[in-house]
Amino acid sequence: ELHPRLEPIMFAAWDDFMLNDPVGNRLWGKLFTIFPDYQFVLLDEARDEILAIGNSLPVHFDKPVEELPDTGWDWVMEKGFADQRAGLLPTMVSALAITIPEPYRGKGLSSVMVRHMIELTRRAGLDTLVAPVRPNFKAKYPTVPIGRYVTWKNNDGLPFDPWLRTHVRLGGEVVKVCHHAMTVPGRVDQWERWAGMAFPESGSYVVPGALVPVNVDIEHDAVEYVEPNVWMVHRV
């Protein structure tokens, strides 16, 4: 009964271009009918307010986690549904997203949500939770290669990035970078609308909220954004 209330929260929380990944647009709605046990919310029952949304799905992967693919988020979405159709038993759970509305950010709720994903993995009888993590401070440093960015540390030796740091504090390990985790293509006019800026000529542009520059080809009326993520693993 909470499902109809989730979409407006997610639309408000994510940049427009993040809502236009073709894989996500094709499969996202099916999560709630095919994998309902892996979708959850943190609810303030007294005020009937949704404080956070968690999305995940089970996956069959029979190789070492070090061999998780470079295609990250898009791969895990397609793999989870393909495995379900093929009747393959899952070997792990993958996080997909944790969405926290603006008023509730910075209050430690992300840790609550990751812990619940770990608990879902345990309840499913599985021992591995993976996550193609979108490092949320990377958008502040879009021209820094993701491989260098993930090596940055704070004075306490923990990852510089808050999302990576949250996972590490909860026992997660950085396994590898997935450089092509999500691909968002589009026409120039579409991307200008999503980005809220003009692209007068071909080239690479820094777009607010994007983790890396966006490639624009005016001649072919084509824009492509290939987002890197970071594979993290929790041993449950």
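The coordinates are above.
Quantities reported herein were computed from a predicted structural model and do not represent experimental measurements.

### Examining helix H1 (residues 3-13)
Along H1, the residues that are buried comprise Leu6, Ile9 and Met10. The buried side chains of H1 occupy one side of the element, clustering within an arc of 100° when seen end-on. In H1, the exposed positions angled more than 90 degrees off the buried face are occupied by Pro4 and Ala12. Among the structural elements, helix H3 (31-34), strand E1 (39-44), strand E2 (49-59) and strand E3 (92-99) are those in contact with the buried residues of H1.

### Brief notes about the pattern of salt bridges
This structure, assessed with the given rule, holds 11 salt bridges. Of the charged contacts in the structure, one is a salt bridge between Arg47 and Asp44, with a shortest N-O distance of 2.8 Å. Relative accessible area serves as the criterion here: at 19%, Asp44 is assigned to the buried category. Between Arg123 and Glu119 there is a salt bridge, with the nearest N and O atoms lying 3.5 Å from each other. One end of the pair, Arg123, and the other, Glu119, are both in helix H5 (residues 109-123), four residues apart, so they sit about a helical turn from each other.

### So, the packing of aromatic side chains
Applying the stated criterion across every chain yields a total of 16 aromatic pairs. When the ring of Tyr141 is compared with that of Trp152, the centres are 5.2 Å apart and the planes differ by 85°; the resulting orientation is edge-to-face. With Tyr141 in the loop between strand E4 (128-133) and helix H6 (146-149) and Trp152 in the loop between H6 and helix H7 (162-169), this residue pair connects regions lying 11 residues apart in the sequence. Pairwise contacts between aromatic rings join Phe137, Tyr141, Tyr149, Trp152 and Phe160 into one cluster. For Lys140, the ring lying beneath its charged end belongs to Phe137, and the centroid distance is 5.0 Å.

### Details of H7
The element H7 is extensively covered by neighbouring structure, given that six of its eight residues are classed as buried. Elements in contact with the buried residues of H7: E3, H5, E4 and strand E8 (222-235). Between a side-chain oxygen at the N-terminus of H7 and the backbone nitrogen of Trp163 the separation is 3.0 Å; the capping residue is Asp161. Following H7 by one or two positions, Gly171 adopts a phi angle in the positive range, close to 100°.

The rules behind these values
Residues numbered from 1 in each chain as written. Predicted model: local features only at pLDDT ≥ 70, side-chain atom pairs only at ≥ 80, totals over all residues. Heavy atoms only, no water. Buried < 20%, exposed > 50% of the residue type's maximum accessible area, 1.4 Å probe, protein only. Helix = DSSP H or I, 4+ residues; strand = E, 2+ residues; numbered from the N terminus. Arc of directions from axis to C-beta. Contact = heavy atoms within 4.5 Å. Salt bridge = Lys/Arg side-chain N within 4 Å of Asp/Glu carboxyl O. Phe/Tyr/Trp six-rings, centres within 6.5 Å; stacked < 30°, edge-to-face > 60°. Lys NZ or Arg CZ within 6 Å of the ring centre and 35° of its normal. Polar contact = N/O pair within 3.5 Å; in protein donor to acceptor, adjacent residues only side chain to side chain.

Function cannot be read off these values alone, since they describe shape.
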